[in-house]
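# A look at the structure
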Amino acid sequence: MRQYSADLTPPWKKPKPVPEVAAEAGLVVEEPGTGFCGAVIRCEAGTVTLEDRFGKHRVFPLEPRGFLLEGRVVTLVRPTSGGPVRPSRTASGSVAVPGARARVARAGRIYVEGRHDAELVEKVWGDDLRIEGVVVEYLEGVDDLPAIVAEFAPGPDARLGVLVDHLLPGTKEWRIAQSVTSDHALVVGHPYIDIWEAVKPSSLGIDSWPRVPHGQDWKTGVCRALGWPTGNTGAVWQAILARVGSYRDLEPELLGRVEELIDFVTGSGGA
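These numbers were taken from a predicted model, which means no experiment stands behind them. (Residues numbered from 1 in each chain as written. Predicted model: local features only at pLDDT ≥ 70, side-chain atom pairs only at ≥ 80, totals over all residues. Heavy atoms only, no water.)

## Side note on helix α5 (residues 218–226)
Under the convention used in this document: Each residue's exposure class comes from its accessible area (1.4 Å probe, protein chains only) as a fraction of the maximum for that residue type: buried when under 20%, exposed when over 50%, partly exposed otherwise. By the criteria applied, helices consist of DSSP H or I runs no shorter than four residues and strands consist of E runs no shorter than two, each listed in order from the N terminus. Contacts are assigned to residue pairs with any non-hydrogen atoms lying within 4.5 Å of each other.
All of the buried residues in α5 are Trp218, Lys219, Gly221, Val222 and Cys223. Buried residues in α5 make contact with α1 (115–132) and α6 (233–242). A positive backbone phi angle near 75° is found at Gly227, which sits one or two residues after α5.

Okay, here's the thing in structure tokens:
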């Protein structure tokens, strides 16, 4: 007698099998029902906890075909070894994404005034920016900022963020920033005369940044006061940059402004 399967579902109606992926700490997935995307921080019996780049947590059930991994449907399963492990962090403090591919660059950009400023942003936020697809470009100065913004032509799908040195009310930089009125461009700045000051003195083994008399070149005056070489401030900056390991080495006045720009350009900070 011919044997028949108890499953009478036609083959074309059966769901295709999807891969099972261990919910290891740091794995970035998306829950398609809510659109929530985050890294695994905990996997317990029947549930997985995700954390997005803003630190928000959501708990989801471990259901078959319940998540997207790089756009593909997968079934998350509980890892077979060890307990929940906190994922590692990038230099900016965000959840690290091991092996993540850089996203195709957005139309939006972040312009950073000053070469040293751009190097510091790259060192601390580089991993985050590549995952978000945000390109940072070095801006030599802001005297022509309104024309630069107009040439970029920011729009809803191509936002522009600008980080300016020494942005204090009443300064030349402040007046220039105020002249940029596009809803799709955001100009922010740190209060420091030079980006060197955004590095915490404790990270460099000094008590504080010295005061430099008005009219003197600030970098040269700092080097002279601290006994650092005065003939090559570029080399001094590289030595300073080498002491920056993460966001913990930077002042909050800079951290907040860079995060604000990233949120704005990626659309995470509202219109």
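## A few points about the sheet that holds strand β8 (residues 109–113)
In plain terms, the rule: Strands qualify as paired when DSSP identifies two bridges or more between them. Where helices are involved, their axes are fitted lines through C-alpha atoms of the stretch in contact, as for all axes, and angles between N-to-C directions lie from 0 to 180°.
Reading across the sheet, the four strands line up as β9-β8-β10-β11 and stay open at both edges, with parallel pairing between neighbours. Looking at the sheet topology across the chains shown, the edges are occupied by β9 (135–139) and β11 (185–189). The average angle at which neighbouring strand axes cross in this sheet is 20°, direction not considered. Sheet topology places β8 next to strand β10 (residues 160–164); four bridges connect them, and they run parallel. Bridge pairing in β10 places Tyr111 opposite Val162. The sheet strands contacting helix α7 (residues 252–266) are β8, β10 and β11, and the helix crosses β10 at an angle near 165°.

## Re the packing of aromatic side chains
The following threshold applies: Two aromatic rings from Phe, Tyr or Trp, using only the six-membered ring of Trp, form a pair when their centres are within 6.5 Å; if the ring planes differ by under 30 degrees the pair is stacked, by over 60 it is edge-to-face, and anything between is tilted.
This model, assessed by the stated rule, comprises six aromatic pairs. Relative to Phe152, the ring of Tyr111 lies with its centre 6.0 Å away and its plane at 80°, an arrangement referred to as edge-to-face. Pair noted here: Tyr111 is in strand β8 and Phe152 is in helix α2 (residues 145–152), with a separation of 41 residues, a long-range link. We note that Tyr111, like Phe152, is buried. Judged by centre distance (6.1 Å) and plane angle (75°), the rings of Trp196 and Trp218 are edge-to-face.

## A look at the environment of Val244
Looking at where Val244 falls in the secondary structure, it is placed in the loop between α6 and α7. In this structure Val244 comes out as buried when scored by relative accessible area, which is 1%. Between the alpha carbons of Val244 and Ser203 there is a distance of 7.3 Å; along the sequence they are 41 residues apart.

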